[in-house]
Amino acid sequence: MFNGTKVLDVHGHVSGPPGTVSWIDMGFASGHVGESPFRSGGNRPANLSDELMYERNKYHVDFMDDRNIDVQVIGPRPFRMMGWMPRHLLKRWCEFTNDTIHHQTQNFPDRFLSTTMLPQIAEAPDLGNCVEEFEYNIQERNFAGTYLSPDPDGRHNSPGMNTSYWFPVYEICQKYDVPVFIHGTNCLDPRIAHIPGNYQVGFVVETFLASRILCYDSKNLFSRYPGLRICIAHGGGALDRFIDSSRHRGDWEGGNLYFDTCLYDIDYLALSIRQWGPAATAFGTEAPGSGGAIRKEGDHKSDANLGRTSDDLLPIFQYYIDSGILTEQDVVDIIHNNPLKVFPQFAKV
């Protein structure tokens, strides 16, 4: 809770014991992986036991409690999506990942909503191959939406997100009233191979491109799919250097596109909210995830959240209220009302 308002977080990732990460390793080594042990109904190996799964899921819940997050949407760990893998392995990896996401939500149904990982094939004519897995998780498991990577191969070879390549998934989203959550994934660009954690650079590049592609074609896309809602991770990837009246800002009018708050620099986050507007901003933290750095003196002129991890964002929003950067109503919209617009299933938790 934040000042009596339930906090809804649109940006979280599945947690599990080490066995959930290493499950695909034998597939890479041997070229074959069988059905997900969660889905087959057979005995799960000891490293995927209910006890180990619950222990790691409980750690995730405790982490949220420490940051006053009431409910969080969880999806795949983006740098583990590995859309470049052999296609027969990718299908199984998606199924296994969705099973672990579902298992975590079942362990704590009042704390999590599930979103799918889909077997996106960059070179395919479209995402028609993703429909079966997406519909299964919506119909049978009540998943609340899906992740999509704008560049699943990590090689900058996917069509723009305003093209017909993406329409099979957009149609399912509109049919079932569930959103797309856009998140960057791996980056195999050799130019940045020397950068540790270079996938983070890939997140910025591809998410920024996706946000601008969608903004510049929003009227056409959302005329075709008026019920489609898209939330873009990390504030849309990057900020715009142009002023509002510039022709370089696109023709985006809002209403279908949202941008999360998973931006840990205090000034950057404030500017992202100003550029997109509070009405298009939805609270997201990725907690637990990449925001583990501790705020220290010198990180910002205020003392908001000193000594705490940077993904503990609610004290920052209190600072924005106290400083006049945002109104209390702006913050209520960002932490509750807008996430509810993006993910209506929040109302059921």
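Predicted model only: the values in this text are computed from it and were never measured.

Peer 1: Would you explain the overall build of the chain in this entry?
Peer 2: Within the chain one finds 12 helices and eight strands. With respect to the principal axes defined by its C-alpha atoms, the chain has extents near 55 × 45 × 45 Å. Residue pairs in contact within the chain that sit at least 24 positions apart in sequence constitute 75% of those at least 6 positions apart. Per element, the accessible surface of the chain, about 14,600 Å² overall, is 52% carbon and sulfur.

Peer 1: I tried to follow the packing of aromatic side chains on my own but got confused; where do I start?
Peer 2: Working definition: an aromatic ring pair is given by the centre-to-centre distance plus the angle between the planes. Here the structure, examined in full by the defined rule, presents 19 aromatic pairs. Look at Tyr 147 and Phe 181: their rings are 5.0 Å apart centre to centre, the planes differ by 45 degrees, and that puts the pair in the tilted class. One end of the pair, Tyr 147, is in strand 4 (residues 145–148); the other, Phe 181, is in strand 5 (residues 180–182), and 34 residues separate them in sequence. Exposure class is identical for Tyr 147 and Phe 181. Each is buried. Through pairs of rings, three or more aromatic residues link up here, namely Trp 23, Phe 38, Trp 93 and Phe 96. The side chain of Arg 67 reaches across the aromatic face of Phe 63, ending 3.5 Å from its centre.

Peer 1: Just checking my understanding: could you explain the sheet that holds strand 3 (residues 112–116) for this structure?
Peer 2: By definition, the strands of a sheet pair up through backbone hydrogen bonds, in either a parallel or an antiparallel sense. Ordered by their spatial adjacency, eight strands build an open sheet running 1-2-3-4-5-6-7-8, and the pairing between neighbours is parallel. Of all strands in the sheet, those bounded by a partner on one side alone are strand 1 (8–13) and strand 8 (281–282). With three bridges connecting them, strand 2 (residues 71–75) and strand 3 associate as parallel partners. In the strand pairing of strand 3, Gln 72 is matched with Phe 112. Taken strand by strand, helix 4 (residues 50–66) contacts strand 1, strand 2 and strand 3, and its axis lies near 135 degrees from that of strand 2.

Peer 1: Help me understand the side chain of Ser 158, please; the structure alone is not making it clear to me.
Peer 2: Residue position: Ser 158 is located in the loop between strand 4 and helix 7 (167–176). A relative accessible area of 18% means that Ser 158 is categorised as buried. Setting aside anything within four residues of it in sequence, one finds Ser 158 in contact with Ala 122, Pro 150, Asp 151, Pro 152 and Trp 166.

Peer 1: Where do I start with the packing of helix 5 (residues 87–107) against helix 6 (residues 131–141) in this structure?
Peer 2: In a pair of packed helices, the angle between the axes and the distance between the axes together describe the arrangement. The geometry of helix 5 relative to helix 6 is characterised by a closest axis approach of 11 Å and an angle of 20 degrees between their N-to-C directions. When the axis of helix 5 is compared with that of helix 6, the two are roughly parallel. Once helix 5 is placed against helix 6, the crossing between them reads as right-handed. Contacts between helix 5 and helix 6 involve Cys 94, Glu 95, Asn 98, Asp 99 and His 102 from the first element and Glu 133, Asn 137 and Arg 141 from the second. Here the residues of the contact of helix 5 with helix 6 are counted per class, giving one nonpolar, three polar and four charged.

Rules used in this analysis
Residues numbered from 1 in each chain as written. Predicted model: local features only at pLDDT ≥ 70, side-chain atom pairs only at ≥ 80, totals over all residues. Heavy atoms only, no water. Helix = DSSP H or I, 4+ residues; strand = E, 2+ residues; numbered from the N terminus. Contact = heavy atoms within 4.5 Å. Areas by Shrake-Rupley, 256 points an atom, 1.4 Å probe, with all protein chains shown as cover. Phe/Tyr/Trp six-rings, centres within 6.5 Å; stacked < 30°, edge-to-face > 60°. Buried < 20%, exposed > 50% of the residue type's maximum accessible area, 1.4 Å probe, protein only. Lys NZ or Arg CZ within 6 Å of the ring centre and 35° of its normal. Pairing = 2+ DSSP bridges. Axes fitted to C-alpha atoms, helices over the stretch in contact; angles between N-to-C directions. Parallel < 35°, antiparallel > 145°, perpendicular 65-115°, else oblique. Left-handed = near helix turned anticlockwise from the far one by under 90°. Nonpolar A, V, L, I, M, F, W, Y, C, P; charged D, E, K, R; others polar.

Without other data, these values stay purely geometric and don't point to any function.
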